[in-house]
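What follows is each chain in one-letter form.
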Protein chains: 2
Amino acid sequence: VGLITSPRNARVAHALALRTSAGRRETRRFLVEGPGAVREALGAGVVAELFRDPSVPGESADVAARAEGDGVPVLDVASRVLARLAATVSPRGPVAVCDPIDVAIDHLDPSRGVVAVLVEVRDPGNLGTILRTADASGAAGVVVTHGSVDVYNEKVVRASAGSLFHVPLVRGVHALDVVSSLRDRGCVLTAAVADGETDVFAAVAGEATAVFFGNEARGLAPDVLAQMDATVRVPMRGGAESLNLAAAAAVVLFELGRRRRGGG
Amino acid sequence: VGLITSPRNARVAHALALRTSAGRRETRRFLVEGPGAVREALGAGVVAELFRDPSVPGESADVAARAEGDGVPVLDVASRVLARLAATVSPRGPVAVCDPIDVAIDHLDPSRGVVAVLVEVRDPGNLGTILRTADASGAAGVVVTHGSVDVYNEKVVRASAGSLFHVPLVRGVHALDVVSSLRDRGCVLTAAVADGETDVFAAVAGEATAVFFGNEARGLAPDVLAQMDATVRVPMRGGAESLNLAAAAAVVLFELGRRRRGGG
């Protein structure tokens, strides 16, 4: 196979469809772009095929060589075809078609760390940032409920900075099913809400803790909140009424993570 | 004055120019939109004039009534003129022209809380989120150095969720001048960097602490880093190499803030 110069090429067209949520739903695959993220995807063993511009040297060429070494099909495409496949404005790095990495909820191990549950989270930047933060804080996994933004949205993938491939991820489940499942496995269910009863810096986090975060605008739905064992808040000083969701999650996940491990 | 229906109206044209950084530099004013943010701007006493669509009832009308009560000129504009003035896709709320709120660095009071210094921060969402987080954590102020994104960029204003009007803000200063100024005022200068010497959860924060954060991609410049008294890191678990800047700032500002106040 030589250089692919047309976006109507069958492999390119299949990949282009993955830039829409409908296309991703149909084939259960998603796109990852740039050398760093593609390297993480290769490490996770989920790259089905790789598109690269052979005129780009350096990292892009290194990643393509590694993919070939792993037995992943590498397709050479013209710059303007790569530009169509990529979401970023100046794409130079490769674009990978990846198989889904989400797992069933019973694959999470709450003895390994805090489980973060995101209920109807809508902003892709928030979701990607929270995946990255959950990974960095040592969380056991992230559950993204039905009604949230697609975890394979390109902005989520980009904001996760590779953490999508590190932290066990559950998607598409209903919040009340998450409640039953995690409770059955012995988790204490905690909601992080603006008017939580306990200051998160004084909270107790046991061996198995799940922390629920709600929608950016509406917060956590009353039927989910009613199922919680505890509620925590980030204490507000100054004039701010609340925190950005991803900032609140950073404070809560790091603090509950270290309390769980016995930190001060 | 009746309903303004043309974007070429002189007042509208003046306001429209503020949607560009060149226009903001020239007149030293900026735009704020939506009932919540405009209310904060009115509270801060910096609204020079207000544009509203008189056919929109509810919060927009309430805010316009308050502005009139405060003696702020309120101009009635057609929906399509408001749409031109607003950055959001479905504008209903009023748009305010505001006078700048930034202060000189010697107006900051480091005895009141941690001073956050953002050196060449480029992403408007990060900057706005950090302003909101700094406010919520009880920071004494935020310094945004020369070479950073414009603090009056519409995305910064929106992401700050009103905190732009609560937390003392310094802009346009050079990082090394910030170093001299804060050192002269007795601040311990701390950098938050990925390879910081001390875990932030074990750090000491004295009466007067300034914490420096660097650029999203390049981190803190070596000449600034060389001036620091201490460096702290957010401990990384899992597979993440780093945190999003705004997430890191959330963890660091809340932790140093509470350590400064004698929290565990």
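You'll find the structure just up there.
A few points on the structure. (Residues numbered from 1 in each chain as written. Chains lettered and ligands numbered in written order. Predicted model: local features only at pLDDT ≥ 70, side-chain atom pairs only at ≥ 80, totals over all residues. Heavy atoms only, no water.)

1. A closer look at the pattern of salt bridges
One side chain can pair with another of opposite charge once the charged atoms of both are near each other. Inspection of every chain in the model, using the stated rule, returns 25 salt bridges over all chains. Note that Arg-183 of chain A is salt-bridged to Asp-229 of chain A, the shortest N-O span being 3.3 Å. Of this pair, Arg-183 of chain A sits in helix α8 (residues 175–184) while Asp-229 of chain A sits in the loop between α9 (222–225) and β11 (230–233), and the two are 46 residues apart along the sequence. Using a relative accessible area of 33% as the deciding quantity, one classes Arg-183 of chain A as partly exposed. Of the charged contacts, one joins Asp-150 of chain B and Arg-24 of chain B as a salt bridge, the two residues approaching to 2.7 Å between their closest N and O atoms. Here Asp-150 of chain B, found in the loop between β6 (141–145) and α7 (154–160), pairs with Arg-24 of chain B, found in helix α2 (residues 21–27); they are 126 residues apart in sequence, far enough to count as distant. Overall, the relative accessible area of 8% leaves Arg-24 of chain B in the buried class. Among the charged side chains, a salt-bridge network with shared partners connects Glu-120, Arg-122 and Arg-218 of chain A. (Salt bridge = Lys/Arg side-chain N within 4 Å of Asp/Glu carboxyl O. Helix = DSSP H or I, 4+ residues; strand = E, 2+ residues; numbered from the N terminus. Buried < 20%, exposed > 50% of the residue type's maximum accessible area, 1.4 Å probe, protein only.)

2. Considering the environment of Ser-137 of chain A
By the secondary structure assignment, Ser-137 of chain A is in the loop between α6 (124–136) and β6 (141–145). Assessed through its relative accessible area of 4%, Ser-137 of chain A is described here as buried. Between the C-alpha atom of Ser-137 of chain A and that of Val-251 of chain A, which follows or precedes it by 114 residues, the distance is 9.8 Å. Residues contacting Ser-137 of chain A, with those up to four places away along its chain left out, are Leu-253, Phe-254 and Arg-261 of chain A together with Arg-237 of chain B. Among the polar contacts made by the side chain of Ser-137 of chain A, one reaches the main-chain carbonyl oxygen of Ala-134 of chain A at a distance of 3.0 Å. (Contact = heavy atoms within 4.5 Å. Polar contact = N/O pair within 3.5 Å; in protein donor to acceptor, adjacent residues only side chain to side chain.)

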